[in-house]
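Residues per chain, in single letters:
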Amino acid sequence: FIPTVFELDGHRYTPDSNFNLSPAVTRLFNRKLLTEQGNPLKLIRDRIVEHMHANHRARGNRSPRFTVCENLPRVVSLFDNFDSLLTPADHVSRRPSDTYYVNKDYCLRAHTSAHQYSLLKQGFDAFLVFGDVYRRDEIDRTHFPCFHQVEGVQIYSSEDLFGVQQPGAEISVFDTSDRTALKQAGHTQDTVTVLTLRLKSTLEDLCRALFGSNIEMRWVDAYFPFTHPSFELEVFYDGQWLECLGCGIMEQELLRNAGAGDKVGWAFGLGLERLAMVLYGIPDIRLFWSKDSGFLSQFKGLQPGDDYKYKPISAHPQLYMDVSFFLPEGTTPDNMRANAMDLIRTVGGDLVEQVDLKDDFFHKKKNRHSQCYRIVYRSNEKALTKEEVNAIHGEIADLFVANHGCVIR
Ligand code: PHE
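Predicted model, so just to flag it, every value in this text is computed and none were measured.

Visitor: Just give me the short version of the layout of surface pockets, but keep the residues and values in it.
Guide: Of the voids in this model, the largest pocket is the one considered here, and its volume is about 1,000 Å³. Lining the largest pocket are 44 residues, and of these Arg-135, Phe-147, Gln-149, Phe-224 and Glu-243 lie nearest its centre. Secondary structure elements with two or more residues in the lining of the largest pocket: strand E7 (146-156), strand E8 (217-224), strand E9 (227-237), strand E10 (240-250), strand E11 (264-271) and helix H8 (272-280). In terms of residue count, E10 provides more of the lining of the largest pocket than any other element does, 6 residues in total.

Structural data, given as structure tokens:
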């Protein structure tokens, strides 16, 4: 099925026969996990931004060095997603079985690298791009058609890299050397050495800030069309090495095309789900999309810096019911709340997964305070029936009346 128009993020596109988006992917567009309070991806995002802002300042300047870019349009041109990044015409990532196409010129971004060229062209020298990216991947515990990345780019002038130089004793950024397995044509060995050191230390520092100073990491050689040399960083977790980012020295051709050919730089792309799975012990990538309060409530109150390990939630379904009542005279809302939690816990025991005070207000006409609690029931052992839940819930309501003098609404 090919729609006549396709709209996303305030832009309209005209699909053609290349259109291959399925409902399974389009229905993900409305969730914005990176901004959802209580989503571990948002916590990771905050942690990365805090670390980068605190540790990277322009020289002699209080301002954070990296501009944070978010909410960029998720449909990008094939030029931005592939060509500007020097991706060969026959590269596997261009196959319609790998990329979601809107038409022959536009696709869903398959990586945040799709924004490198245009941000460089606009004149940014250092930026972070957060966003959801889309790939027609296999489905398993670590793959999903949508995941989240942060892109980091920093480009340097000669002075940024080597400082103010002594006339006659300059260190050169560029020379006339050839490309080798270890470096690009025209980059001096000094350039490669210093850029690689800065890139690797930036990422090692970031990983230590995320995982603690004891985290084991290793660098592995890699290949990307838009960086050379290229590397991957793996972290040791749960008995195995997990790849969590790709990076490298930016291809000079990309920089030249974007109007920044007099500078050199590095780029990295980091998978946020991978990091969050390691950091919080989350076993399955689908959980990030869960609306299950048993999942979300575990992360809701956390600060980005807090350490936390995820506790598996029951495989059985939740059932929820509300109880609303007027408070008796002389009972403060806070007091009632504490009593309510006790009462619900006492009657419901392990079958109550969560209680939220949904409503808490003074009813002017009745001259009474009103509260409403939503109780989420779920068993670890079995699927609860409606009748079982009704019985428990009824008992709870009765005790609000009998023990606390509440008037059920
Ligand atoms: N875009 C690459 C990916 O998604 C990661 C990457 C970014 C590699 C920047 C190098 C430089 O796999």
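Visitor: Quick rundown of the packing of helix H2 (residues 40-55) against helix H6 (residues 189-211)? Include the residues and the values.
Guide: At a minimum axis distance of 10 Å, the contact between H2 and H6 shows a crossing angle of 130°. In terms of axis orientation, H2 runs oblique to H6. H2 and H6 meet at a crossing whose hand is right-handed. In contact with Arg-47, Ile-48, His-51 and Met-52 of H2, H6 contributes Thr-202, Asp-205, Leu-206, Ala-209 and Leu-210. Class assignment for the residues of the contact of H2 with H6 results in 5 nonpolar, 2 polar and 2 charged.

Visitor: Hey, could you go over the packing of helix H10 (residues 333-348) against helix H11 (residues 386-404) for me, with residue numbers and the actual values?
Guide: Across the interface, H10 lies against H11 with an axial gap of 10 Å and an inter-helix angle of 135°. If you check the angle between H10 and H11, you find them oblique. Of the two elements, H10 crosses H11, and the hand of that crossing is right-handed. In this structure, H10 uses Met-336, Asn-339, Ala-340, Leu-343, Ile-344, Val-347 and Gly-348 to contact H11, whose residues at the interface are Ile-392, Glu-395, Ile-396, Leu-399, Phe-400 and His-404. When grouped by side-chain class, the residues that make up the contact of H10 with H11 number 9 nonpolar, 3 polar and 1 charged.

Visitor: Before we move on, can you summarise the state of the cysteines with the specific residues and values?
Guide: The tally for this structure, following the rule as stated, stands at 0 disulfides. Lacking any disulfide linkage, Cys-107 is separated from the closest cysteine sulfur, that of Cys-146, by 14 Å.

Visitor: For the site of the ligand, give the residues involved together with the corresponding values.
Guide: Neighbouring residues of the ligand: 14 residues in total, closest His-111, Ser-113, Arg-135, Gln-149 and Gly-269. A distance of 2.8 Å separates a nitrogen atom of the ligand from a polar side-chain atom of Ser-113. Residue Gln-149 places a side-chain N or O atom 3.0 Å away from an oxygen atom belonging to the ligand. Alone, the ligand offers 330 Å² of accessible surface; in the complex the protein occludes 90% of this. Taken atom by atom, the bulk of the ligand overlaps the largest pocket. Mapped onto the shell around the ligand, the elements with two or more residues apiece are E7, E10 and E11. If you tally residues by element for the shell around the ligand, the top one is E11, at 3 residues. Grouping the constituent residues of the shell around the ligand by class yields 5 nonpolar, 7 polar and 2 charged.

Visitor: Give me the packing of aromatic side chains: which residues, what numbers.
Guide: Under the definition given, this model contains 19 aromatic pairs. Ring plane angle 65° and centroid distance 6.3 Å describe the contact between Phe-6 and Phe-29, whose orientation is recorded as edge-to-face. Here Phe-6, found in strand E1 (residues 6-8), pairs with Phe-29, found in the loop between helix H1 (23-26) and H2; they are 23 residues apart in sequence, far enough to count as distant. Each member of the pair, Phe-6 as well as Phe-29, carries the same accessibility label: buried. An aromatic cluster is defined as three or more aromatic residues linked by ring pairs; in this entry it consists of Phe-6, Tyr-13, Phe-19, Phe-29, Tyr-106 and Tyr-134. Geometry around Phe-130 places Arg-45 over its ring, the cationic atom sitting 5.5 Å from the centre. Over the face of the ring belonging to Phe-231 we find Lys-200, whose NZ or CZ atom lies 4.3 Å from the ring centre.

Visitor: Tell me about the UniProt feature "domain: FDX-ACB" (unreviewed entry) in the chain, residues and numbers included.
Guide: Mapped onto this numbering, the UniProt entry annotates "domain: FDX-ACB" (unreviewed entry) at residues 314-409. Secondary structure across residues 314-409 divides into 36% helix and 33% strand, with the first and last C-alpha atoms of the span separated by 32 Å.

Visitor: Any chance you could break down the confidence of the model for the chain for me, citing the residues and the numbers?
Guide: Averaged over all residues, the pLDDT of the chain equals 93, while 100% of them reach at least 70. As a predicted assembly, this complex carries a pTM of 0.82 together with an ipTM value of 0.99.

Visitor: Go over the sheet that holds E11 with me, naming the residues and quoting the values.
Guide: One key point about sheets: their strands pair by backbone hydrogen bonds, in either a parallel or an antiparallel sense. What the 7 strands build is an open sheet, ordered E3-E6-E7-E11-E10-E9-E8; its pairing is mixed. Only two strands of the sheet have a single neighbouring strand rather than two, namely strand E3 (67-69) and E8. Ignoring which end each strand starts from, the neighbouring axes of this sheet average 25° apart. H2 contacts E3, strand E6 (126-134), E7 and E11 of the sheet and is inclined by roughly 165° relative to E6. The sheet contacts of H6 involve E7, E8, E9, E10 and E11, and relative to E11 the element is tilted by about 30°.

Visitor: Residue-level account of the pattern of salt bridges, with values.
Guide: Scanning all chains against the criterion turns up 23 salt bridges. Arg-95 is the partner of Asp-98 in a salt bridge, and the nearest nitrogen-oxygen pair spans 3.1 Å. Taking the relative accessible area as the measure of exposure, Asp-98 reaches 24% and is therefore partly exposed. The class of Arg-95 is partly exposed, set by a relative accessible area of 41%.

Visitor: Mind laying out the side chain of Asp-46, listing which residues take part and the relevant values?
Guide: Looking at where Asp-46 falls in the secondary structure, it is placed in helix H2. On the basis of relative accessibility, which here comes to 14%, the residue Asp-46 falls in the buried class. Reaching out from Asp-46, the side chain makes a polar contact with the side chain of Arg-45 at a distance of 2.7 Å.

Procedures and definitions
- Residues numbered from 1 in each chain as written.
- Predicted model: local features only at pLDDT ≥ 70, side-chain atom pairs only at ≥ 80, totals over all residues.
- Heavy atoms only, no water.
- 1 Å grid on protein atoms, 1.4 Å probe; cavity = no way out; pocket = protein on both sides within 12 Å on 5 of 7 lines; lining within 4 Å.
- Points joined across faces, edges and corners; volume = space filled by probe spheres on them.
- Helix = DSSP H or I, 4+ residues; strand = E, 2+ residues; numbered from the N terminus.
- Axes fitted to C-alpha atoms, helices over the stretch in contact; angles between N-to-C directions.
- Parallel < 35°, antiparallel > 145°, perpendicular 65-115°, else oblique.
- Left-handed = near helix turned anticlockwise from the far one by under 90°.
- Contact = heavy atoms within 4.5 Å.
- Nonpolar A, V, L, I, M, F, W, Y, C, P; charged D, E, K, R; others polar.
- Disulfide = S-S within 2.5 Å.
- Near = heavy atom within 4 Å.
- Polar contact = N/O pair within 3.5 Å; in protein donor to acceptor, adjacent residues only side chain to side chain.
- Areas by Shrake-Rupley, 256 points an atom, 1.4 Å probe, with all protein chains shown as cover.
- Sits in = over half its atoms within 2 Å of the grid points.
- Phe/Tyr/Trp six-rings, centres within 6.5 Å; stacked < 30°, edge-to-face > 60°.
- Buried < 20%, exposed > 50% of the residue type's maximum accessible area, 1.4 Å probe, protein only.
- Lys NZ or Arg CZ within 6 Å of the ring centre and 35° of its normal.
- UniProt positions renumbered as here; feature names shortened; annotations may be inferred.
- pLDDT = per-residue confidence, 0-100.
- Pairing = 2+ DSSP bridges.
- Salt bridge = Lys/Arg side-chain N within 4 Å of Asp/Glu carboxyl O.

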